[in-house]
Each structure stands twice: as structure tokens, then as C-alpha cells.
Amino acid sequence: MDEECVTELPRGGDLPWALFYPADYSVASSSLGYHYIYRSLKELGVAAERFCNDPVPFRSIEGDTLLERFPVITASVAYEGNAEIFFKWLNSANIPLHFESRLSGSYPIIGAGGAMSYINPLLLSAICDFIILGDALDALPFAVKSLRRYLTSGNKEKLFDELAEHPSILVPPRHIRSGSVAVKRVLANDQPLDAVHPMNSTWLTPRSSFGKTLLVELQRGCVRNCSYCTLPGCFGKMRYRDSGMIKERLEEIFSLCEVDQVGLVTPEAGDHPQIEDLLDFLESKNKGVSFASLRIDRLTEKMLYALKRGGRHSITVAPETGSDELRFSCGKKFNNEIILEKLGLAASLGIDQAKLYFMTGLPGETDEDIKAIADLSGRIITETGLNLILSVNPFVPKPGTVWSGMEFEGTAGIRKKYGILVQALTKIKKKRPQLRMASPKEAESEFSLAWCGYNESVALAKNNGISKKVRFDPAARAKTLLELEYLW
Ligand code: SF4
């Protein structure tokens, strides 16, 4: 594997642990959460080995070992589609999906964590023996100790009892009774970042989605409250890292390994109070910069310049809609004139392409709002000369958001809206944007999985983890909402 460790990690260990990221290696390598967990396990003396969809499915990156040989298998589940891949893998490895079917026999212990545990861990609740809820870094050492004892004793019942003692670990065999959550749990989403979490990538690889980039986390949570977004409601209050500490750590890393590019991981880079100071520091070190996410109204000349210095010719922003009124109702309080002004600034500094994220199927959206996406795109092309890529995704209401109770448009409705957009875009004669529309079917599956309660998770387990084989009852959504309200 073409990768280099940023931090020297202990070799070996005494608890064989398969750490699965249910996506391609390039995506796994772009997830700081996955870097954190791997590093934390290795530092705890665990013999953790990573698994991704590639290079070789079902075989570990470190030792080329088969998945089912590990006594502990956990997955970092970032979103609904990841969960489905995780279930399919377990099924293909002949591991029964429902935890009840593994109570006897020498099956591995199955666990999970990651972003999905902040939003709706019930999706994983029939499959996993334990789910670490939230930030993980104090629950993880606790789980490791219990699993080490289990490896010696082989007593599963005792393991479940022990794990269930931690307030931020959901242990379905103990906490789910008669199909419902019976014991409250605590979502760990308020630990100070500087105190508990490593801030940077554990390994560097040119095969990451961002290229060979050192990822550095600046903040978690978001002070804005966009109606569709899970970040403010699920990931805790805004937590910043101090730029002084970031710079100190970066100095150390730059003296140990060769880094050309630094990727700043933050929900909205422009919201970090010391962003300009950090950009000055990175410029003084002659490092290129990329941003995981850029909020267009907070975009500054310095941020754009930093992108250019890192060799970027393209910028990615999310106007969400083409009409100001609908954008405001999403919680994004900036208008089309601001978008044009900021993209104009980007073009004047040598950026030649913009990737724009839009949603369709939003509450209150009219056909005129959809046509407004094409109008805005036409104006951007005419006024800035940028080449455009439009990435259009159906709105999927999620638990923990302002719009959690809103309707999902459905596949037929989404297709109709796509048709209106395609037609409206034909009016753009010069430099017509590239259009990438997410699959309505996949959005429907995402919606169903997002609202899974325990009973739906059981249905997935019975159907080999394949969501399209399961009939999701829309009435179950209200029950899941109540369960989640009780859980936290
Ligand atoms: S969409 Fe962006 S700005 Fe809005 S709440 Fe989410 S992270 Fe914050």
C-alpha cells in the first residue's frame, strides 16, 4: 500500500480487531474519524487491521487476513449507504446478521461507531453487539478492556453486561427490550477537542480522495442551523481547536515528514475565528491548502489565494437553491448577488471552475425555484466566465434536523423535478454546465435507512442487509423519532 505514517505507531498488539470502513480506500483515507480510531486502537496496543472495499475485499490491508478470522469486527459508519455495505460484507462472510443469531457459537463480536451513531444508531441496532455513541475516545479504551477480558473468558453474556455499564455504549442485547430502546444512553458530543482527539491524519497517501494531503481538523459542530443539516443538532456545540496548538503540531509534523498540501477539515472553514492566522502560517511554510467545505458568504480573498497556491483551479460551494427565498428558508442567509460577487472574486484570482451543490425536493419548493437554478447558473457563466459543474441531490429529511418531520419527495417527484431542471438548462447556449444528478432510487433508500428503528434493522438482518428487499413502513418513522428522543 502506497502510504506513509505521520505518527509512528506500535506494531502488533494482543487483541485482533478488524476495523472496517465500508467504502473505497480513497474515501476511507479521507475520513479523519477513521484515522482517529485506527490510531487510538494501535496506541491502546490493539492489533487493529484495516479493511475497505479495495484493494482486496474481505482481506486486511496490513496482513492480508480474512475478515472472519478476527474475533472483533467494527465498522466506521459515516452514512446510511455505508451501513448497507457493512451488512452485506458480514453476510458474505457467513456471519449471521442479527445479534440474536450469534449469541451461541464462535462468531465475532460486531461493533460500530462513526457519524451514523450521532444521528440514528438504531439503524445498526439489530446487527451490532455494541455501538459506541459519538466521540468514542473515552468509550473506546473502556470497550478495549472489556473485549480483552472476553478474549480470555469467552463469556459473551459477561461482555455485554460490562459494555452496558458505559453510558455512551449502546448494547442492543442489553438495551433493546420488546423491540424498543429500554435504557437511556448518553451521546458523547461535548468533549474538548484539544484534550482528547488527535487533530491530524495518521497516514498520508496519494490515493486519498484529496490526493496526498495532511488532514487537520479545525472544528466540530456548527453555529448555523440550516434546516436540513444534521451537524448542529447531532454533533454537539461548536468546538474549535486553537490555532496556536495547531501550528505547534504542524511544525512538528513538517519536521518529520514531507507534506505539500494541508486539508482543513471543518464544517465551514470561514467560521473558524483564527482562519486567517492559520492561512498566513501555512503560506509562510509554503504549503498548499484545501478546504473540506467552504461557505460562500464567508469566502475571503486570502482563502481563495491559499487554494490557488495549492494548485487548485476549481472551487466547490453549495448555493443549495437558485432562489433567495428558498435558500433563506434552508437557513442559508445569503443571496444570489453574494454568490455572484464571491465567484467573480474567485475567477479574478485565476480559479476557472466551480462545482455547485444544489438540492431539489425541498419543502415549499416550486417549479420556479427549480428553474431558478438554471437562471443562476446562466448568470454565473455570463458574469464570471467560470465553467460549472452542477451536482444536484434530492433533499432527504434526517433525524435531528429542523426539517426532520418534512416529507421526502419520492422517486417519481424527484424525476419530474430533474426533468424541469434539464429543460431549463437548455436555455444556456454557451459553456452549458455539466450536470450530475444523484439517483432518486438511492435517495429513497437513504431516506428509509435514515429512519430505521430496531424493527426495521431486524428486517434488514433477515434480508441479508439489502434495503431494496425490505418494505419500509412510513408509519415506523414516527416510532423511530420517539425512540431517538427517549434514547438521548
Ligand atoms: S449546512 Fe453548513 S452552515 Fe449549515 S448547519 Fe450544516 S455545516 Fe453549518
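Residues numbered from 1 in each chain as written. Predicted model: local features only at pLDDT ≥ 70, side-chain atom pairs only at ≥ 80, totals over all residues.

1. Overview of the sheet that holds strand S19 (residues 434–437)
In spatial order, the strands read S16-S17-S18-S19; together these four strands make up an open sheet with parallel pairing. Two strands lie at the open edges of the sheet, namely strand S16 (314–320) and S19, each paired on one side alone. In this sheet, adjacent strand axes meet at a mean angle of 20 degrees when their direction is disregarded. One ladder, built from five bridges, connects S16 with strand S17 (residues 353–360); its direction is parallel. Across the sheet, residue Ile 315 finds its bridge partner in S17, namely Ala 354. Across the face of the sheet, helix H15 (residues 367–384) comes into contact with S16, S17 and strand S18 (387–394) while running at roughly 160 degrees to S18. (Pairing = 2+ DSSP bridges. Helix = DSSP H or I, 4+ residues; strand = E, 2+ residues; numbered from the N terminus. Axes fitted to C-alpha atoms, helices over the stretch in contact; angles between N-to-C directions. Contact = placed C-beta atoms within 7 Å.)

2. Focus: the sheet that holds strand S15 (residues 288–291)
Pairing is parallel in the open sheet, where three strands are placed in the order S11-S14-S15. Of all strands in the sheet, those bounded by a partner on one side alone are strand S11 (213–217) and S15. Within the sheet, the average angular offset between the axes of one strand and its neighbour, ignoring direction, is 25 degrees. Relative to S15, strand S14 (residues 261–265) runs parallel, the two sharing four bridges. Within S15, the position partnered with Val 262 by the bridge is Val 289.

3. Details of the domain arrangement of the protein
As a measure of interface size, the accessible area lost when the parts come together is often cited. Assigned domains within the protein: domain 1 (6–181), domain 2 (191–306) and domain 3 (313–450). Taken together, the contacts link 16 residues of domain 2 with 22 residues of domain 3. Secondary-structure elements contributing two or more residues to the side of domain 2 that touches domain 3 are helix H9 (231–234) and helix H12 (301–309). The element contributing the most residues to the side of domain 2 that touches domain 3 is H12, with three residues. Its residues assigned to classes, the side of domain 2 that touches domain 3 comprises nine nonpolar, four polar and three charged. (Domains from an automatic or database assignment. Nonpolar A, V, L, I, M, F, W, Y, C, P; charged D, E, K, R; others polar.)

4. Things to note about the environment of Ile 414
Relative to the helices and strands, Ile 414 is located in helix H16 (residues 411–425). For Ile 414, a count of 24 C-beta atoms within 10 Å puts it in the buried group. Between the C-alpha atom of Ile 414 and that of Ile 253, which follows or precedes it by 161 residues, the distance is 47 Å. (Buried ≥ 20, exposed ≤ 12 C-beta atoms within 10 Å, placed from the backbone.)

5. Observations concerning unusual backbone geometry
A cis amide bond, omega 5 degrees, links Asp 54 with the succeeding residue Pro 55. Backbone geometry places Ser 178, a non-glycine residue, at a positive phi of 50 degrees. Residue position: Ser 178 is located in the loop between strand S8 (176–177) and strand S9 (180–181). What makes Ser 178 exposed here is the crowd of 6 C-beta atoms within 10 Å. A positive phi is found at Lys 431, a non-glycine position, where the angle reads about 55 degrees. Residue position: Lys 431 is located in the loop between H16 and S19.

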